[in-house]
Amino acid sequence: MPTTTRTVSWAGANARRIERQCLAAPAPASPTAVPELAGLMLGAHAQVLSAAELSLGLRIEGATRADVRTALWQERSLVKTFGPRGTVHLLAAVDVPMWTGALSALPGRVGQQAKDIRLTAEQTDAVVAAAAEALSGAELTVDELTEAIVARTGTWAGDLVMPAFQGMWPRWRQVMHTAAHRGVLAFGPNRGRQVTYTNPCVAPMEQDAALAALVRRYLYAYGPATPEHFAKWLAAPKSWANELFVKLARRTVVEEVFFEGVGPAWVAAGDTAFPKPGEEAAGVRLLPYFDAFGIASQPRELLFPGRAYERALAGGQAGNFPLLLVDGVVAGVWHQRRSGRRILVTVEPLAKLTAGHLEELARQAERVGEVAEGGAELTVGRVTVGPHA
C-alpha cells in the first residue's frame, strides 16, 4: 500500500501529460523550440525520420520539417542517435550527456547475441575505442567504419556472423548501441542514400546523477508511473528499476502517490500539481508513427480504451499505428500517403465524430500537410495499411 494519501486520477494524469507534451496547445515558435520540445518529450523516435519531424513539428506553432532538419544537420541542436530501447531517436544535444550517462549504466546489452557470436567485455571496449578514434572529426559509412574498426582491432571484428535483414553483418555491429550509449557514435548526414556515422565527442554524465536526472525528467513528462512502466519504456530489467526507485526515494528524488487504476506510483519529488476535475484533456490530435506520447503513457488500457486497444496496437505494442486522439484518448488510426506535394490523409475513427470534432480533424490534417511542406487532402474512412514493422 502507498505511504501517502495523495491520489491522482487517470483523467488528471493524462491531462497533465498532454499539456506538458504541448498537445493541448502547441509551443510558441522560437529559435530553440525544436530542441526544447525534443527534451520535453525525452526524444522523438526517428527510425522513420519523417515521423520524428511530424512529432516535433505538430507541437510547435508554424514549424515545418525544414525547422527540424535545420536543428539536426545545421545548428546541431539535435542529435540523431540510439536512445531508449536501443532505437533511433532525435535527442536534444544538451541532453546527450544525461542520456549517455544513464544508458551506459543499464545492466546487460540491447540485442544480446548467441554465445558464439557475442563479443567479450574486452572486445567490446576495443571496438568502442576503435569507433571513437575512426569517427573523430569524420563522417563514415558503415562499410568505411567496418574497415577502420577491423584495421584497429583485428579480423574477428569483421566476421560476418550477425543475422541481418538481407545477409549477415560484421560481428562488431552488435555493439553499435553500446558505442552510442558511451557517447562516441551518432548518425551523421546521409551521403546520398548511404547512412553515415560520426563521433559527437560527448562526455557522459556521472551515472548515478544521470539516472536520477532521467527518472525526474521521465516522471515530469509521463508520471505518475511505476518502476515497471519506466523499465518497459527504457527496455531495462524490472528488478533493476525497482531498486533504482527505492534508492531515489531515499534521496527524496521521487515521491509516492496513489494512481487510480494502477495503485502506488511515483512522481518527481514536489511535482504533485495536477488538473482538477473539469480540466480534462479535450480536442482532436493526430500523432504519427512511434510518437512518444503513445509509447510512454501508461497504463495503455486506459489510453487505448475499448476497441482502440485492438485496432491501434500491434499485439499490445504501441507506435506501429499513427493515432487519432479525441479528448485525450486514442479513438482511431490514420495514414498518410504522399504524391508530390499532395498528402492524402485517411483517418479511421472508431466511433462517430461530432461536427466540432470533424472541424478540428480537418485543421489537424491541414497542419500535417504544413509540417510536411505539402497540401493535405482529408478522407474519413477505413485505413487499409497494416502496422509498421
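Up top is the structure.
Just so you know, these numbers come straight off a predicted model, no measurement behind them. (Residues numbered from 1 in each chain as written. Predicted model: local features only at pLDDT ≥ 70, side-chain atom pairs only at ≥ 80, totals over all residues. Heavy atoms only, no water.)

Participant: I'd like a description of the overall build of the protein chain, backed by residues and values.
Facilitator: Scanning the protein chain from N- to C-terminus turns up 15 helices and 16 strands. Taking 21 Å as the expected radius of gyration for a compact globule of 389 residues, we find that the protein chain reaches 21 Å, a close match to that expectation. Sequence separation of at least 24 residues holds for 64% of the intrachain contacts in the protein chain that already meet a minimum separation of 6. Surface summary for the protein chain: the accessible area is close to 17200 Å², and the carbon and sulfur share equals 53%. Here the protein chain contributes 39 positive and 37 negative side-chain charges, whose respective centroids are spaced 3 Å apart. (Helix = DSSP H or I, 4+ residues; strand = E, 2+ residues; numbered from the N terminus. Rg over C-alpha atoms; globule rule 2.2 N^0.38 Å. Contact = heavy atoms within 4.5 Å. Areas by Shrake-Rupley, 256 points an atom, 1.4 Å probe, with all protein chains shown as cover. Lys, Arg positive; Asp, Glu negative; His and termini not counted. Charge placed at Lys NZ, Arg CZ, Asp CG, Glu CD.)

Participant: Summarise unusual backbone geometry; cite the residues concerned and give the values.
Facilitator: Here the amide bond leading from glycine 223 into proline 224 is cis, since omega sits at 0°, within 30 degrees of zero. Within the element layout of this structure, proline 224 appears in the loop between α9 (207-222) and α10 (227-234). Note the cis peptide between glutamine 298 and proline 299, where omega equals 0°. Note on placement: proline 299 falls in the loop between α12 (292-296) and α13 (300-303). Backbone geometry at arginine 85 places phi at a positive 65°, although glycine is not the residue there. Among the structural elements, arginine 85 can be located in the loop between β3 (78-82) and β4 (88-92).

Participant: Break down the pattern of salt bridges for me, citing the residues and quoting the values.
Facilitator: The final tally for this structure, using the stated rule, is 15 salt bridges. With a shortest N-O distance of 2.8 Å, arginine 342 and glutamate 377 are connected by a salt bridge. Here the residue arginine 342 occupies a position in strand β15 (residues 342-349), and glutamate 377 occupies one in strand β16 (residues 375-380), the gap between them amounting to 35 residues. Several salt bridges converge on common partners, so that one network encompasses Arg16, Arg20 and Asp271. (Salt bridge = Lys/Arg side-chain N within 4 Å of Asp/Glu carboxyl O.)

Participant: Quick rundown of the pairing of strand β7 (residues 167-170)? Include the residues and the values.
Facilitator: Pairing between strand β6 (residues 160-164) and β7: 4 bridges, direction antiparallel. Among the inter-strand pairings, alanine 164 is bridged to a residue of β7, identified as glycine 167. With antiparallel pairing between neighbouring strands as the criterion, β6 and β7 make up a hairpin whose turn holds 2 residues. (Pairing = 2+ DSSP bridges.)

Participant: With reference to specific residues and values, describe helix α15 (residues 355-371).
Facilitator: For α15, built from 17 residues, the straight-helix expectation of 24 Å at 1.5 Å per residue is met to within 8% by its first-to-last C-alpha distance of 25 Å. All of the buried residues along α15 are His357, Leu361, Gln364, Ala365, Arg367, Val368, Gly369 and Val371. Looking one or two residues beyond α15, the residue adopting positive phi is glutamate 373, at roughly 60°. (Expected span 1.5 Å × (residues − 1). Buried < 20%, exposed > 50% of the residue type's maximum accessible area, 1.4 Å probe, protein only.)

By themselves, these are just geometric observations and shouldn't be taken as functional.
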